[in-house]
Amino acid sequence: MSDEELRTTPGILSEMKRRGEPVAMLTCYDFPTAILQDASNVDVILVGDSVGINVLGYESPQQVTMADMLHHTRAVRRGVRNAILLADLPYRSYETDSQAVDNARLLADAGADMVKLEGAEEVAGRIEAITADGMPVVGHVGHLPQTWKGNRHVYGDRADEAARVLTGAVALEAAGAAAVVLECVPEQVAGVVSRALSIPTIGIGSGRRCDGQVLVAPDLLGLNDFSFRYSKRYAELGRTAGKAFARYVNDVKGKRYPAEEHRYRIRNEELRKFKALAEE
Ligand code: KIV
């Protein structure tokens, strides 16, 4: 297999873990961002169901539909050439094995290389069914946004919960998962889980001992007002965009935009003809 083929193959993720190379993953929901992320050499681009909260104005990830995921997966696909494209199966789209397989196929047709779903032992059968159908699957344990009801974001800071994260992740690997996202799991627990698996763990809010990291792009870019302990803002694009919009509105109101350099012109001869036509 050539380097290029290997790069876009999910098997590369376990190979990276063996080499000790961290996996970098980012969420993405649109074409222009996909182009920028792909050029950044990110390994995996995730069309997450966080699209609901971050882009569609929904109040809950439970409102995200397959139609939403397909629409955004197609847009991202058009901008991705090198990274692995991972897409979320949304809430209630994998309640049975056959529904999971059908919806994974739809995401594959929309351009996904892999799909992700949330849950532990209870979704192991879904992972087996989807992988048997030829689509690699990423699991997701710890804090589960699709079914979260409580007020504690952290999952696994009690021994029984931590044990469930471990046994769940082990079950997902046994079912054939290509990687497992660990969300908001204490760093020490994530370290134990990462050592127990041969597939990579991709952490979000799970500390430094995971085999890779994922962040939600609008959090990283400063496009929203969310503030999570685990997140890191690498830019303040929301503030920059807000200022740019306000300057534009001021320029229009103050008749400073458009200026001479922004207009198109018609030659004098054509203008004369046009005026004659207009008078007719
Ligand atoms: O949808 C999403 O953004 C995710 C990340 C939290 C991993 O699933």
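Calculation criteria
Residues numbered from 1 in each chain as written. Predicted model: local features only at pLDDT ≥ 70, side-chain atom pairs only at ≥ 80, totals over all residues. Heavy atoms only, no water. Core = buried A, V, L, I, M, F, W, Y, C linked by side-chain atoms within 4.5 Å. Buried < 20%, exposed > 50% of the residue type's maximum accessible area, 1.4 Å probe, protein only. Helix = DSSP H or I, 4+ residues; strand = E, 2+ residues; numbered from the N terminus. Contact = heavy atoms within 4.5 Å. Salt bridge = Lys/Arg side-chain N within 4 Å of Asp/Glu carboxyl O. Expected span 1.5 Å × (residues − 1). Phe/Tyr/Trp six-rings, centres within 6.5 Å; stacked < 30°, edge-to-face > 60°. Pairing = 2+ DSSP bridges. Axes fitted to C-alpha atoms, helices over the stretch in contact; angles between N-to-C directions. Near = heavy atom within 4 Å. Polar contact = N/O pair within 3.5 Å; in protein donor to acceptor, adjacent residues only side chain to side chain. Areas by Shrake-Rupley, 256 points an atom, 1.4 Å probe, with all protein chains shown as cover. Patch = residues over 30% accessible without salt bridge, like charges linked within 9 Å, V, L, I, M, F, W, Y side chains within 5 Å. Domains from an automatic or database assignment.

A word on the nonpolar core
Argument step 1. Ranked by internal contacts, the top residues of the largest apolar core, which has 71 residues, are Leu13, Leu107, Ile130 and Leu182.
Argument step 2. At five residues, the largest contribution of residues to this core is made by helix 8 (residues 159-175).
Argument step 3. Excluding residues that lie within four positions of it along the chain, Leu107 makes contacts with Met66, Met69, Leu70, Thr73, Ala87, Asp88, Leu89, Ala112 and Val115.

Considerations on the pattern of salt bridges
Argument step 1. The final tally for this structure, using the stated rule, is 17 salt bridges.
Argument step 2. Of the charged contacts in the structure, one is a salt bridge between Arg18 and Glu15, with a shortest N-O distance of 3.2 Å. Of this pair, Arg18 and Glu15 are both found in helix 2 (residues 11-19), three residues apart, which corresponds to roughly one turn of the helix.
Argument step 3. Residue classification places Glu15 among the partly exposed positions, given a relative accessible area of 26%.
Argument step 4. Close ionic contact of Glu270 with Lys273 constitutes a salt bridge, the shortest N to O distance being 3.4 Å. With a gap of three residues between them, Glu270 and Lys273 both fall in helix 12 (residues 268-279), about one helical turn apart.

Observations concerning helix 11 (residues 237-253)
Argument step 1. Compared with an ideal rise of 1.5 Å per residue, which puts 17 residues at 24 Å, helix 11 spans 24 Å between its outermost C-alpha atoms and is within 8% of the ideal.
Argument step 2. Following helix 11 by one or two positions, Lys255 has its phi on the positive side, about 60°.

Observations regarding the packing of aromatic side chains
Argument step 1. Considering all chains together, one arrives at three aromatic pairs under this definition.
Argument step 2. In this structure an aromatic cluster arises from ring pairing among Phe226, Phe228 and Tyr230.

Side note on the sheet that holds strand 1 (residues 23-27)
Argument step 1. Pairing in this closed barrel of eight strands is parallel, and the strands run 1-2-3-4-5-6-7-8 around the ring. Ignoring which end each strand starts from, the neighbouring axes of this sheet average 25° apart.
Argument step 2. As paired elements, strand 2 (residues 44-47) and strand 3 (residues 84-88) share four bridges and run parallel to each other. Of the residues in strand 3, the one forming a bridge with Val44 is Ile84.

Thoughts on the environment of Val101
Argument step 1. Mapped onto the elements, Val101 comes out in helix 6 (residues 97-109).
Argument step 2. Of the residues examined, Val101 reaches a relative accessible area of 12% and is grouped as buried.
Argument step 3. For the pair Val101 and Ile127, spaced 26 residues apart in sequence, the C-alpha separation works out to 9.0 Å.
Argument step 4. Apart from the residues lying within four places of it in its own chain, the contact partners of Val101 are Ala129, Ile130 and Asp133.

Some words on the site of the ligand
Argument step 1. Surveying the vicinity of the ligand reveals the residues Thr27, Leu46, Gly48, Asp49, Ser50, Asp88, Lys116, His140, Glu183, Ile204, Val214 and Val216.
Argument step 2. One of the side-chain N or O atoms of Asp88 is found 3.1 Å from an oxygen atom in the ligand.
Argument step 3. Burial of the ligand by the surrounding chains reaches 96%, relative to a free accessible area of 260 Å².

What to know about the environment of Ala175
Argument step 1. Position of Ala175 among the secondary structure elements: in helix 8.
Argument step 2. Sequence separation of Ala175 and Arg126 is 49 residues, and the distance between their C-alpha atoms is 8.6 Å.
Argument step 3. Sequence-distant contacts of Ala175, that is, excluding residues within four places in its chain, are made with Ala124, Ile127, Glu128 and Thr131.

Overview of a nonpolar patch on the surface
Argument step 1. Taken together, the side chains of Tyr248, Val249, Val252 and Tyr257 define a hydrophobic patch exposed on the protein surface, amounting to about 360 Å² of accessible area.
Argument step 2. Since its relative accessible area comes to 48%, Tyr248 is described here as partly exposed.

Things to note about the domain arrangement of the chain
Argument step 1. Here the chain is described as being made up of domain 1 (3-235) and domain 2 (240-279).
Argument step 2. Computed from C-alpha coordinates alone, the two centres of domain 1 and domain 2 are separated by 47 Å.

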